[in-house]
2 protein chains.
Amino acid sequence: MKLPKKTVQRLSRYRRLLYKYRYLSEPYIYSHDLARLLNLNPVQVRRDLMLIGSAGNHRKGYNVNELNNLIGEIIDSEGLQKVAIVGAGRLGQAIMNYVADQEMNLKVAAVFDIDTHKIGKKFSDVECYDISKVTEVVPQKGITIGIIAVPSEFATSIADILLGSGVEGILNFSSVHLDLPKSIYLKEFDIITTLEEMAYFVKNK
Amino acid sequence: MKLPKKTVQRLSRYRRLLYKYRYLSEPYIYSHDLARLLNLNPVQVRRDLMLIGSAGNHRKGYNVNELNNLIGEIIDSEGLQKVAIVGAGRLGQAIMNYVADQEMNLKVAAVFDIDTHKIGKKFSDVECYDISKVTEVVPQKGITIGIIAVPSEFATSIADILLGSGVEGILNFSSVHLDLPKSIYLKEFDIITTLEEMAYFVKNK
């Protein structure tokens, strides 16, 4: 099933919410509660769940565990998707923490840095390798997604290294726009530029 | 001058790059070099700089310091824009570091947390306050932008508290979509949802 991007994003959110309700004695939830808890429109929620083949019980709502599993079948890969983080600074560590705290089918399988004090250490149980090992470790561990959490001046060369290692998706936290082949699934979170943009528009309101 | 969002984003990037070249003995840069270093189209760069009234020297290119100042006049507020970060965990600290490392007209003026071990301490020289102090500290320090770096379950109530304190912009790092009044400039970076979306599309390529 090839779903629209926005639908996949919402399914991911539903699942994280449902997961918290899995041990309730009456594990049912209404679409309007799901909608309210996630700040979405109930019609939208029902449409999404219909799309993946879940109609819900008219009286009791949706069975939390069934829905959880169904979403999992649709959005998870078989086995874990493995992620590499380049940059073991605060941001890289924050992302590792985020991923480790969530029940999700993603795992940080390696982290890379240039700092010799970090190489060989473990962060959230994940080994830190020298940056020169990317092209070796990424294919060896079957990593498909690379996260760039290094200072902006290194972002372009890190992206080249990641591409050369065979990753299929890149999440870029630096302030440099990456110009990658269309075959690479690219997402960019540029914190500083976003803050400057916000400051400008807040000032010019 | 009310510029388009994308233009402001690019101006912010030009400036950060130019800043690094300010001490060169010949502080001139060509638009095609600016473009190459930022992965942009040179025509785009020239159009942006023309828009803010900088034509550049045909032979030598643009004067780095002049351009730097000009961009500053346009995108900076008078005085610093002040930012509050709610959540002094790894992510909140990473953002603080990012902002402190950049030469920009933004300053983190306060950080808030619920952890009594953190309250009263300083992070990157910024004092950490109890979350209950938001509505007092934000107006007192003239903070205009709030960054939400707390676990998702608290995001909605933190957003309400920030709104009540008078901020005009919110940058939301949680996985909960915020439904805010149109008068608030909202940007959302949802790391976990983005990773799940990437995993889905990488799998289904």
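Student: Pulling in residues and values, what's your account of the interface of chain A and chain B?
Tutor: Taken residue by residue, the interface counts 71 residues in chain A and 71 residues in chain B. Contact between chain A and chain B buries roughly 6,700 Å² in total, counting both sides, with carbon and sulfur atoms accounting for 62%. In terms of surface lost to chain B, no three residues of chain A exceed A:Tyr98, A:Glu196 and A:Tyr200, which account for 11% of the buried area on that side. In this structure, the connection of chain A to chain B is made through 6 salt bridges. Between A:Arg13 and B:Asp190 there is a salt bridge, and its shortest N-O distance comes to 3.4 Å. At the surface where chain A touches chain B, the tally comes to 28 residue pairs in polar contact (both at pLDDT 80 or more). A total of 13 residues in the side of chain A that touches chain B trace back to one element, the largest contributor, which is helix 8 (residues 191–203) of chain A. Here the residues of the side of chain A that touches chain B sort into 34 nonpolar, 18 polar and 19 charged.

Student: Any chance you could break down the sheet that holds strand 5 (residues 122–123) of chain A for me, citing the residues and the numbers?
Tutor: Residues and elements named next belong to chain A. The sheet built from 7 strands is open, its strands ordered 5-6-4-3-7-8-9 with mixed pairing. A single partner strand is all that each edge strand has here, and the edge strands are strand 5 and strand 9 (185–188). The pairing of strand 8 (residues 169–172) with strand 9 spans 4 bridges and is parallel. Across the sheet, Ile170 pairs through a bridge with Leu186, a residue of strand 9. Strands strand 3 (81–86), strand 4 (106–113), strand 6 (126–130) and strand 7 (143–148) of the sheet are contacted by helix 6 (residues 134–141), whose axis makes an angle of about 165° with strand 4.

Student: Let's hear about the relation of the copies chain A and chain B: which residues, and what values?
Tutor: Aligned on chain B, chain A shows an RMSD of 0.0 Å; the corresponding rotation is 180° and the shift along the axis is 0.0 Å. Here the symmetry operator amounts to a two-fold rotation axis. Interface residue correspondence from chain A to chain B reaches 100%, placing this contact among same-surface, isologous pairings.

Student: Could you give an account of the environment of B:Leu38, naming the residues involved and the relevant values?
Tutor: One can find B:Leu38 in the loop between helix 2 (31–37) and helix 3 (42–51). Separated by 21 residues in sequence, B:Leu38 and B:Leu17 place their C-alpha atoms 8.3 Å apart. Setting aside residues up to four positions removed in sequence, B:Leu38 forms contacts with A:His177, B:Arg13, B:Tyr14 and B:Leu17.

Student: Go over the pattern of salt bridges, please, and point to the residues and values.
Tutor: Applying the stated criterion across every chain, the model contains 10 salt bridges over all chains. Of the charged contacts, one joins A:Asp33 and A:Arg36 as a salt bridge, the two residues approaching to 3.1 Å between their closest N and O atoms. Taken together, the positions of A:Asp33 and A:Arg36, both in helix 2 (residues 31–37) and 3 residues apart, correspond to about one turn of that helix. Between B:Arg15 and A:Glu196 there is a salt bridge, with its nearest N and O atoms 2.8 Å apart. Of this pair, B:Arg15 sits in helix 1 (residues 5–20) while A:Glu196 sits in helix 8, placing the two residues on different chains.

Criteria and thresholds
Residues numbered from 1 in each chain as written. Chains lettered and ligands numbered in written order. Predicted model: local features only at pLDDT ≥ 70, side-chain atom pairs only at ≥ 80, totals over all residues. Heavy atoms only, no water. Contact = heavy atoms within 4.5 Å. Buried area = accessible area lost by both parts, 1.4 Å probe. Salt bridge = Lys/Arg side-chain N within 4 Å of Asp/Glu carboxyl O. Polar contact = N/O pair within 3.5 Å; in protein donor to acceptor, adjacent residues only side chain to side chain. Helix = DSSP H or I, 4+ residues; strand = E, 2+ residues; numbered from the N terminus. Nonpolar A, V, L, I, M, F, W, Y, C, P; charged D, E, K, R; others polar. Pairing = 2+ DSSP bridges. Axes fitted to C-alpha atoms, helices over the stretch in contact; angles between N-to-C directions. Least-squares fit on C-alpha atoms with pLDDT ≥ 70 in both.

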